[in-house]
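If you want the building blocks of each chain, they are given just below.
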Amino acid sequence: MPAPRIEIELDKLAHNARKLTALYGSKGICITAVTKGVCGSPRIANALLNSGIRSFGDSRIANIQKMREAGLDAQFILIRSPMPNEVERVIEFADVSLNTEISIIRLLARHAAKRGKIQPIILMIELGDLREGILPSDVEPMVAEVIGLRGVKLIGLGTNLACFGGVRPTEAKMQELSVIAGNLQQQFGITFEIVSGGNSANYQWFVSTPDVGLVNHLRIGEAILLGCDTLTRERISGLYTDAFTLVAEVIELKTKPSRPYGEIAQDAFGRVPVFEDKGNMERAILALGRQDVDGSAIKPRIKADVLGASSDHLILNVSGLGLQVGDEVQFDVGYSALLRVMTSAYVEKVYLSQT
Ligand SMILES: *Cc1c(COP(=O)(O)O)cnc(C)c1O
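Read on for an overview of the structure. Residue indices follow the written sequence of each chain, beginning from 1 at its first position. Two thresholds apply to this predicted model, a pLDDT of at least 70 for residue-level local features and 80 or more for giving and counting side-chain atom pairs, whereas whole-chain, interface and lining totals are computed over all residues. Working from all heavy atoms in the structure, the side-chain values ignore hydrogens and water.

Digging into the packing of aromatic side chains
Argument step 1. Each aromatic pair joins two rings of Phe, Tyr and Trp (for Trp, the six-membered one) with centres within 6.5 Å, and gets the label stacked for planes under 30 degrees apart, edge-to-face for over 60, and tilted for any other angle. Counted under the stated rule, the structure contains 2 aromatic pairs.
Argument step 2. Geometrically, the ring pair formed by Tyr 24 and Phe 206 is edge-to-face, given 4.6 Å between the ring centres and 65 degrees between the ring planes. Pair noted here: Tyr 24 is in helix α1 (residues 10-25) and Phe 206 is in helix α8 (residues 203-208), with a separation of 182 residues, a long-range link.
Argument step 3. Exposure remark for Phe 206: the relative accessible area of 1% places this residue in the buried category.
Argument step 4. Between Phe 56 and Phe 76, the aromatic rings sit 5.8 Å apart at their centres with planes inclined by 25 degrees, giving stacked as the arrangement. Here Phe 76 lies in strand β4 (residues 75-78) and Phe 56 lies in strand β3 (residues 55-58), a separation of 20 residues in the sequence. We note that Phe 56, like Phe 76, is buried.
Argument step 5. By the criterion adopted, a ring carries a charge over it if an Arg CZ or a Lys NZ lies within 6 Å of its centre and within 35 degrees of its normal. The cationic tip of Arg 290 hangs over the ring face of Phe 269; the distance from NZ or CZ to the ring centre is 3.6 Å. Helical segments are the DSSP runs of H or I of at least four residues, strand segments are the runs of E of at least two, and each set is numbered from the N terminus. Buried means the residue's accessible area, taken with a 1.4 Å probe over protein chains only, is under 20% of the maximum for its type, while exposed means over 50%, and partly exposed covers the values in between.

A few points about helix α6 (residues 139-146)
Along an α-helix, a turn takes 3.6 residues, which lines up residues three or four apart on a common side.
Argument step 1. Taken together, the buried positions of α6 are Val 139, Met 142, Val 143 and Val 146. Projected down its long axis, α6 shows its buried positions confined to an angular sector of 100 degrees, all on one face.
Argument step 2. The criterion used for residue contact is that any of the two residues' heavy atoms lie within 4.5 Å. On the buried face of α6, the contacting elements are α5 (102-114), β6 (119-125), β7 (152-159) and α7 (171-188). Here the arc refers to the directions that run from the helix axis out to each C-beta atom.

What to know about the side chain of Asn 202
Argument step 1. Note that Asn 202 resides in the loop between β8 (194-196) and α8.
Argument step 2. The exposure class assigned to Asn 202 is buried, which follows from its relative accessible area of 1%.
Argument step 3. What Asn 202 contacts, discounting residues up to four positions off in sequence, is Tyr 24, Pro 169, Met 174, Gly 197 and Leu 218.

Comments concerning the pairing of strand β5 (residues 96-99)
Argument step 1. Burial along β5 is two-sided: Val 96 and Leu 98 facing one way and Ser 97 and Asn 99 facing the other are all buried.
Argument step 2. Bridge count for β4 against β5 is 2 bridges, and the pairing is parallel. Paired with Ile 77 across the two strands is Val 96, which belongs to β5.
Argument step 3. Strands pair, by our definition, only if DSSP identifies at least two bridges between them. Inspection of the sheet shows β5 paired to β6 by 3 bridges, in the parallel sense. Opposite Leu 98, over in β6, you have Ile 122 as the bridge partner.
Argument step 4. Once you follow β5 into α5 and on to β6, the crossover reads as right-handed. The path from the first strand over the helix to the second decides the hand: if it runs clockwise while the strands point away from the viewer, the crossover is right-handed.

A word on the nonpolar core
Argument step 1. To define a nonpolar core, start from buried Ala, Val, Leu, Ile, Met, Phe, Trp, Tyr and Cys residues and group those joined through side-chain atoms within 4.5 Å. One finds Phe 244 and Leu 246 to be the most contacted residues of the largest nonpolar core, which totals 97 residues.
Argument step 2. Per-element accounting of this core gives the leading share, 6 residues, to α5.
Argument step 3. For each domain, the first and last residues come from an automatic or database assignment. When residues are assigned to domains, this core turns out to be shared by domain 1 (10-235) and domain 2 (244-352), each giving three or more.
Argument step 4. When residues no more than four places from it in sequence are discounted, the contact partners of Leu 246 are Arg 5, Ile 6, Leu 288, Val 293, Ile 298, Val 329, Gln 330, Phe 331, Val 333, Val 341 and Val 347.
Argument step 5. Counting 9 residues, the second-largest nonpolar core is a separate cluster that includes Val 34, Ile 77, Ile 79 and Ile 194.

Focus: the packing of α6 against α7
When two helices pack together, their arrangement is given by the angle between their axes and by how far apart the axes lie.
Argument step 1. Look at α6 against α7: their axes get within 11 Å of each other, and the N-to-C directions meet at 45 degrees. Here α6 lies oblique to α7, going by the angle between them. The two elements α6 and α7 cross, and the hand of that crossing is right-handed. On α7, the residues touching Val 139, Glu 140, Val 143 and Ala 144 of α6 are Ile 180, Leu 184, Gln 187 and Phe 188.
Argument step 2. Only Asp, Glu, Lys and Arg are considered charged, only Ala, Val, Leu, Ile, Met, Phe, Trp, Tyr, Cys and Pro nonpolar, and every remaining residue, Gly among them, polar. Considering only residue class, the contact of α6 with α7 consists of 6 nonpolar, 1 polar and 1 charged. An axis is simply a line fitted to the C-alpha atoms; with a helix, the fit covers only the stretch in contact. Between two such axes, the angle follows the N-to-C directions and lies from 0 to 180 degrees. The cut-offs work like this: below 35 degrees is roughly parallel, past 145 is roughly antiparallel, 65 to 115 is roughly perpendicular, and the gaps in between are oblique. By definition, turning the near helix anticlockwise from the far helix through less than a right angle yields a left-handed crossing, and turning it clockwise yields a right-handed one.

Nothing here speaks to function; it is all geometry.
Below, the structure written as structure tokens:
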């Protein structure tokens, strides 16, 4: 098989999606599967569809277009605020978009109305993580304007935590979202179809909360793909964490010192590296680099240490493992590694099992 490659076990992903759908469904929460970590792979989306997922979210309209054109019959939500220049594609390919800017919503409304369409939108509320979101104090006038616009329909509210600021989606944060949603519903005489409480990081809140309030929706990416609770990166019980296996090939294997010798200046990426002297070690170079993967977010499945990576070379300490040139090494991937692996044109995508 070609290397480097990412082996994708579709049955494990389908299993994770099925388990999470049942878990969240037990308290009345629907999930949208977020596919941005896998570049909207239609093969993966199809496996999730077969396991009961009916809604997909992606931050890129190109990924949504790709899944749609592959014939997947589901709801597609654009989970990043549309760029003004892509508004027409959003109306064409997305069923719903998440929004925070009135100028962009006006554009969506104008273009949708022109085509005789009504574009459903969800407003995102800032609750402290400081990525996207309307400040709670600004949301009321925004809703007042949005519900008066022809061409868009306000179908819900949402929030996103634990992404930029690492802010935990606590019971208090979720109650705050429910209270905002409840007040707006009352004040404007509307009903929100969707109150979207967050992402994979909402797991601990969900299992411990006595009452989910008005929250009836979550957008779940990493928990399906990598099986973990993203607040701690611990495995969610009953889920697979190894649906993805990255494989790369050894192209050099030599015993060399652990510390570079000579006058030390900047490395290939503008940093001045510091290495501890641990004597000689067996060093393997794998044909895999920063163009393919985030080397700090992978874990060899053998007892090797990742020493670092340049654009096209990954360097491992493989002392005592008996590796040979031409051997393959398998890795677990973290989210940022997965993202880059799936994006790299140089890493072969190998889908295992299922259809
Ligand atoms: C990426 C993203 C998600 C999914 O996050 P995970 O941690 O992968 O579950 C949900 N909502 C928004 C707005 C996102 O950008």
